[in-house]
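Tertiary structure, described
Chain residues, written in single-letter form:
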Amino acid sequence: MYPWPQPLTEQYWQWLRQRLQQLGEPSLPTHLYWPQDYLAHWREPGMLLSQSCGYPVSTLLREQVQVLGAFHYQVPGCADWRYSSALLVRKSDAGLALADFRGRRAVCNERHSQSGYHALRAEVAALAGVQPFFTEVRFSGSHRASAGMLAAGEADIAALDCVSHALLARQQPALFEQLACIGHTCLQPGLPLITAASTSAASVARLRQAISDSLHVPELQDFFREAAIGGFSPLDLSDYACIADTAAH
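Note that the structure is a prediction, hence the values are computed from the model and not measured.

1. Some details on the overall build of the protein
Regarding its fold elements, the protein presents 10 helices and 11 strands. Since a compact globule built from 249 residues should have a radius of gyration of about 18 Å, the 19 Å found for the protein is in line with a globular shape. On the principal axes, the C-alpha backbone points of the protein span a range of 55 × 35 × 30 Å. Taken across its 249 residues, the protein has 49% of its residues classed as buried. Here the protein displays about 11400 Å² of accessible surface, and carbon together with sulfur accounts for 52% of that area.

Here it is in C-alpha cells:
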C-alpha cells in the first residue's frame with residue numbers, strides 16, 4: 001500500500017519466507033506480486049499476506065480476512081501502531097486552519113480510503129452543520145495524484161496518509177515543496193497486515209512471529225529505514241471496528 005522500494009521489499013519477503021519455513025509454514029509463494037485490483041486481491045481465498053487500508057477491512061472485508069497486526073511508522077502523525085492523515089494545502093494557504101476551507105475545493109484519493117476520504121470527512125463533519133462544507137470534492141485515484149492536483153491549483157486541500165506523505169515527499173521533493181501541512185486528523189489504527197479468513201490459527205501465529213522476528217535482523221535494516229518502520233503490534237479485526245464506526249456517522 002505504501003510506495004516502498006520494490007527490490008528492498010522483495011528482499012524482506014525472501015527473509016520472511018525463509019523464517020516461515022523454519023517455523024513450519026508450508027506452501028509459500030516464491031516471490032511477491034503487485035496487484036492492480038486491490039479489492040479483488042484482498043478477497044482471494046488463498047491470500048497469505050498483504051497490507052490493506054483500515055476502512056475496507058472494517059467494512060467490506062470483515063468476513064473475508066483476518067488482521068495480523070500493524071507496523072509502527074516513524075514519521076510525523078504516527079504514534080505506535082496508529083496513524084493519521086496530513087492535511088495538505090498550497091504554501092500560500094499555510095497560515096490557515098481547516099475551518100478556513102469552508103466553501104473551497106477538496107480532493108480525495110478514493111471513496112474506500114480511510115486516510116484520504118473518511119478521515120477528512122470525519123474532521124469536517126463537526127464544522128459543517130447541515131450545509132455542505134466544501135463546494136466541490138473530487139477523486140484523484142491516488143495520494144500522489146491528489147498532491148499533484150493541489151500543486152496545480154485544481155483543488156485547495158487534501159488529506160494524505162501521513163506515511164504516504166513522508167515517503168512521497170522524499171521521492172518528489174519539488175512537488176511537495178509547493179505544499180504545506182496545516183495539521184493532522186485524529187489517530188486511527190494503522191494500515192493492517194492481513195491474511196485470508198481461511199488461514200489457519202497456526203499459520204496466523206507463525207506470520208506474526210516471523211514479522212516480529214524480522215525487526216531486529218541486521219540485513220533488513222535498510223528496508224526498515226526506507227519504509228520508516230520501527231516496530232510491529234499484533235492486532236485483531238476488532239481493533240479496526242472504530243474506523244467503521246467513525247465512517248458511519
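Moving on, there is more to tell.
2. Regarding the layout of surface pockets
Quantified by volume, the largest pocket comes out at close to 1400 Å³. Around the largest pocket, the lining comprises 47 residues; the ones closest to its centre are M1, Y2, W34, Y38 and Q51. For the lining of the largest pocket, the secondary-structure elements that each account for two or more residues are α1 (6-22), α2 (38-42), β1 (50-51), α5 (143-151) and α6 (162-171). With 5 residues, α1 is the single largest residue contributor to the lining of the largest pocket.

3. Some details on the pairing of strand β2 (residues 65-73)
When you tally the buried positions in β2, you get 8 out of 9 residues, the bulk of the element. Inspection of the sheet shows β2 paired to strand β10 (residues 192-196) by 5 bridges, in the antiparallel sense. Each bridged residue has a counterpart across the sheet, and for V67 the counterpart in β10 is I194.

4. So, the pattern of salt bridges
Tallying each qualifying case throughout the model produces 9 salt bridges. When the shortest N-O distance is used, the salt bridge between D156 and R104 registers 3.5 Å. In this pair, D156 sits in the loop between α5 and β7 (157-161) while R104 sits in the loop between β4 (85-90) and β5 (105-108), placing the two residues 52 residues apart along the sequence. Across the pair D156 and R105 runs a salt bridge, and its minimum N-O distance is 3.0 Å. A residue pair is termed long-range when its members are at least 10 positions apart, and D156 in the loop between α5 and β7 and R105 in strand β5 qualify at 51 residues. A relative accessible area of 25% means that R105 is categorised as partly exposed. Shared partners join several salt bridges into a network, and the residues in it are R90, D93, R104, R105 and D156.

5. What to know about the sheet that holds β5
With respect to topology, 5 strands assemble into an open sheet ordered β6-β5-β7-β4-β8, the strand pairing being mixed. Whereas interior strands pair on both sides, the edge strands pair on one side only; in this sheet they are β6 (136-139) and β8 (179-184). Geometrically, the sheet is characterised by an average inter-axis angle of 30° between neighbouring strands, direction not taken into account. Relative to β6, β5 runs parallel, the two sharing 4 bridges. Counted as the bridge partner of V107 is R138 from β6. Of the strands in this sheet, β4, β7 and β8 are in contact with α6, which crosses β7 at around 95°.

6. Regarding the packing of aromatic side chains
Summed over the entire model, instances satisfying the criterion amount to 12 aromatic pairs. Between Y12 and F224 the ring centres are 5.5 Å apart and the planes differ by 70°, which places this aromatic pair in the edge-to-face class. With Y12 in helix α1 and F224 in helix α9 (residues 221-227), the pair connects residues that are 212 residues apart, well separated along the chain. Each member of the pair Y12 and F224 is classed as buried.

Basis of the calculations
Residues numbered from 1 in each chain as written. Predicted model: local features only at pLDDT ≥ 70, side-chain atom pairs only at ≥ 80, totals over all residues. Heavy atoms only, no water. Helix = DSSP H or I, 4+ residues; strand = E, 2+ residues; numbered from the N terminus. Rg over C-alpha atoms; globule rule 2.2 N^0.38 Å. Buried < 20%, exposed > 50% of the residue type's maximum accessible area, 1.4 Å probe, protein only. Areas by Shrake-Rupley, 256 points an atom, 1.4 Å probe, with all protein chains shown as cover. 1 Å grid on protein atoms, 1.4 Å probe; cavity = no way out; pocket = protein on both sides within 12 Å on 5 of 7 lines; lining within 4 Å. Points joined across faces, edges and corners; volume = space filled by probe spheres on them. Pairing = 2+ DSSP bridges. Salt bridge = Lys/Arg side-chain N within 4 Å of Asp/Glu carboxyl O. Axes fitted to C-alpha atoms, helices over the stretch in contact; angles between N-to-C directions. Contact = heavy atoms within 4.5 Å. Phe/Tyr/Trp six-rings, centres within 6.5 Å; stacked < 30°, edge-to-face > 60°.

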